[in-house]
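Residues per chain are reported as follows:
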Amino acid sequence: MSKDAAPRAPIIVIPARLGSTRLPGKALADIGGRPMILHVWSHATAAGLGPVAVATDSDEIAAVVRAAGGAVAMTTGAHICGSDRIAEALGLLDPAGRHDAIINLQGDNPSLPQGALGAALDLLAEPSVDIGTLAAPAGPEELDDPNAVKLVGTEISHKRLRALYFTRARAPWGEGPLFKHVGVYAYRRASFERYAALPPSPLELRERLEQLRAMEAGMRIDAAVLDKAGPSVDTGRDLAALRAAIGQEKQ
């Protein structure tokens, strides 16, 4: 593995919209007295990897982020996934291509563990890896939950998987660990530009998982395995559970 292949100037972009199908308005949902988007933005900023911006089509989200001192790229509403929104935002944030890696931090991950973003980025030190992402052991309640995306992969070193597929179904079959995918993507700039130029793929549309577009095009995705991932917020039940957990921590 050559450290010379590792990107040196990443940018973190958080795609956020109000029109979530499963939980409308979740980017501004109150969690412990702050909108969820600010929790995500704060984690990204604290990682210290590079500049952070929120890409959104919402004036409300933009106002909240700017009031907290964050950068915003206003995009159109017509995007099938977060990475497509980021592609538009990059034209505003970095038209000269100064950043050699793009980290897509999805706006429904308000409680990632410390070091998680860096772990995804570090996977790009291997020259053949196009995209680095994260996984964690799936809990019993997540195995058959379509909102908890499963990563099917093969272990290539300690706590590192080469991704073979992503699905909303329980997979793979049989005995052994199952991994939940954590919504972070670290792209090489060239890999991101290739991805963004591709049309939505059949499996991407069928599973509603943007990473399958890259896999169907033959791009390599590796995943760092976390001991535990903070909960993502996909449904009203997830939001209630996270609020309850934060309330308990404050007691």
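The model shown is predicted, which means the values in this text are computed figures rather than measured ones.

Enquirer: Could you give an account of the side chain of Lys180, naming the residues involved and the relevant values?
Expert: Note that Lys180 resides in strand E10 (residues 179-188). Given the relative accessible area of 10%, Lys180 is considered buried. Within the local environment of Lys180, its side chain forms a polar contact with the side chain of Glu142, the two groups lying 2.9 Å apart. Not counting residues within four places of it along the chain, the set of residues in contact with Lys180 comprises Leu134, Ala135, Ala136, Pro137, Ala138, Glu142, Ala148, Val149 and Gly230.

Enquirer: How would you explain the pairing of strand E4 (residues 52-56) if you had to name every residue and give the values?
Expert: Among the 5 residues in E4, 5 count as buried, and that is most of the element. Burial along E4 is two-sided: the face carrying Val52, Val54 and Thr56 and the face carrying Ala53 and Ala55 are both buried. Note: strand E1 (residues 10-16) against E4, 5 bridges, orientation parallel. When the sheet's bridge partners are listed, Pro15 is paired in E4 with Ala55. As paired elements, E4 and strand E5 (residues 71-74) share 4 bridges and run parallel to each other. Pairing of Ala55 across the sheet is with Ala73, part of E5.

Enquirer: For the packing of helix H3 (residues 82-93) against helix H5 (residues 189-197), give the residues involved together with the corresponding values.
Expert: The geometry of a pair of packed helices is captured by two quantities: the angle between their axes and the separation between those axes. It is the contact of H3 with H5, at a shortest axis distance of 10 Å, that shows an interaxial angle of 115°. Considering the angle they form, H3 stands roughly perpendicular to H5. Regarding H3 and H5, the two cross each other, and that crossing is left-handed. Between H3 and H5, the residues in contact are Ser83, Asp84, Ile86, Ala87 and Leu90 and Arg189, Phe192, Tyr195 and Ala196, respectively. Split by residue class, the contact of H3 with H5 holds 6 nonpolar, 1 polar and 2 charged.

Enquirer: An account of the layout of surface pockets is needed here, citing residue identities and associated values.
Expert: Unoccupied space between atoms shows up once a probe the size of one water molecule is rolled over them. Of the volumes computed, that of the second largest pocket is approximately 180 Å³. Mapped onto the lining of the second largest pocket, the elements with two or more residues apiece are helix H1 (36-47) and helix H4 (116-122). In terms of residue count, the dominant contributor to the lining of the second largest pocket is H1 (4 residues). In terms of residue class, the lining of the second largest pocket is built from 9 nonpolar, 4 polar and no charged.

Enquirer: Provide a residue-level description of the pattern of salt bridges, including the pertinent values.
Expert: In this structure the tally under the stated criterion is 12 salt bridges. Between Glu193 and Arg189 there is a salt bridge; the shortest N-O distance is 3.1 Å. Pair noted here: Glu193 and Arg189 are both in helix H5, with a separation of 4 residues, about one helical turn. Residue classification places Glu193 among the partly exposed positions, given a relative accessible area of 45%. You can call Arg189 buried: its relative accessible area is 12%. Salt bridges here are not isolated pairs; linked through shared partners, they connect Asp94, Arg98, Arg189 and Glu193.

Enquirer: Describe the side chain of Arg168, listing the residues and the values that go with them.
Expert: Take Arg168: it is sitting in the loop between strand E9 (160-167) and E10. Of the side chains bearing the opposite charge, Glu207 lies closest to the buried Arg168, which forms no salt bridge; the N-O distance is 5.2 Å. Of note is the side chain of Arg168, whose polar atom sits 2.7 Å from the backbone oxygen of Glu207.

Rules used in this analysis
- In this numbering scheme, every chain counts its residues from 1 along its sequence in written order.
- Confidence filtering applies because this is a predicted model: local features only for residues at pLDDT of at least 70, side-chain atom pairs given and counted only at 80 or more, and all residues used for totals across whole chains, interfaces and linings.
- Here the side-chain values reflect all heavy atoms present in the structure, with hydrogen atoms and water set aside.
- Elements are defined by DSSP. Helices are runs of H or I of four residues or more, strands are runs of E of two residues or more, and each kind is numbered from the N terminus.
- Accessibility here uses a 1.4 Å probe with only protein chains present; expressed as a share of the type maximum, an area under 20% marks a residue as buried, one over 50% as exposed, and anything in between as partly exposed.
- Here a polar contact is taken to be a pair of N or O atoms separated by no more than 3.5 Å, where protein atoms must pair a possible hydrogen donor with a possible acceptor and residues adjacent in sequence count only if both atoms sit in side chains.
- Contacts are assigned to residue pairs with any non-hydrogen atoms lying within 4.5 Å of each other.
- A pair of strands is treated as paired once DSSP finds two or more bridges between them.
- All axes are obtained by fitting lines to C-alpha atoms, using only the stretch in contact for helices, and the reported angles, taken between N-to-C directions, cover 0 to 180 degrees.
- Throughout, the term roughly parallel applies to angles under 35 degrees, roughly antiparallel to angles over 145, roughly perpendicular to angles from 65 to 115, and oblique to all others.
- Handedness of a crossing follows from how the near helix is turned relative to the far one, being left-handed for an anticlockwise turn of less than a right angle and right-handed for a clockwise one.
- Each residue gets one label: Ala, Val, Leu, Ile, Met, Phe, Trp, Tyr, Cys and Pro are nonpolar, Asp, Glu, Lys and Arg are charged, and the others, such as Gly, are polar.
- Of the two site types, the cavity is a set of points on a 1 Å grid over the protein atoms alone where a 1.4 Å probe fits but cannot get out, and the pocket is an open set with protein on both sides within 12 Å along at least five of seven lines, each lined by residues with an atom within 4 Å of a point.
- Grid points are joined across faces, edges and corners, and a volume is the space filled by probe spheres set on the points.
- Any Lys or Arg side-chain nitrogen located within 4 Å of an Asp or Glu carboxyl oxygen qualifies as a salt bridge.
- In this tally, Lys and Arg are treated as positive and Asp and Glu as negative; His is ignored, and so are the chain termini.

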